[in-house]
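Topology and contacts: notes
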Amino acid sequence: MDREKQLGNVAFGGAWSEQIAGDEALAAALDRLDKAVKDTLYEDLRGFDEVRQALAFACEWHPKGDMLAHAWGKALGLTNAGLRSAELRRIAGALRAGIGARIRSSSGG
């Protein structure tokens with residue numbers, strides 16, 4: 001049973017159970033972006049829908065999400081894999097910093 005269904009079955013769950021599911025989805029999106037920092041060393045991630053969706057979701061929660069999404073797209077076009085990865089790491093860190101304590105992820109930033 002997935003986490004959303006489990007939380008939906010909790011008596012008196014209310015808004016807090018929906019918050020937990022949302023926070024877990026946000027943490028998963030940020031974790032996927034952290035993985036992209038490593039993946040970009042070996043792969044061109046521009047066509048990866050999973051990464052694009054994770055970025056879009058995380059950017060919805062950041063006050064400067066539009067700017068960071070643009071910077072991420074620009075960084076993906078860098079030809080030097082080391083520079084590309086460093087720039088993606090910087091942007092992923094900015095997303096985590098701006099979203100703040102709302103989430104806790106396995107990567108921890």
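Residues numbered from 1 in each chain as written. Predicted model: local features only at pLDDT ≥ 70, side-chain atom pairs only at ≥ 80, totals over all residues. Heavy atoms only, no water.

1. Some points on the side chain of Arg32
Tracing the backbone shows Arg32 in helix α2 (residues 14-39). For Arg32, a relative accessible area of 12% corresponds to the buried category. Residues within four places of Arg32 in sequence aside, it is in contact with Asp39, Phe48, Glu50, Val51 and Ala54. (Helix = DSSP H or I, 4+ residues; strand = E, 2+ residues; numbered from the N terminus. Buried < 20%, exposed > 50% of the residue type's maximum accessible area, 1.4 Å probe, protein only. Contact = heavy atoms within 4.5 Å.)

2. A short note on the pattern of salt bridges
Tallying each qualifying case throughout the model produces eight salt bridges. Across the pair Asp31 and Arg96 runs a salt bridge whose closest N-O atoms are separated by 3.0 Å. On the criterion of sequence distance, the pair formed by Asp31 in helix α2 and Arg96 in helix α5 (residues 81-99) is long-range, its members being 65 residues apart. As far as the burial class goes, Asp31 and Arg96 line up, both buried. Put simply, Arg90 and Glu87 hold a salt bridge, and the shortest N to O gap is 2.6 Å. Highlighted residues: Arg90 and Glu87, both in helix α5, separated by three residues, approximately one helical turn. According to the relative accessible area criterion, Arg90 is partly exposed, its value standing at 46%. (Salt bridge = Lys/Arg side-chain N within 4 Å of Asp/Glu carboxyl O.)

Just geometry here; none of it tells us what the structure is for.
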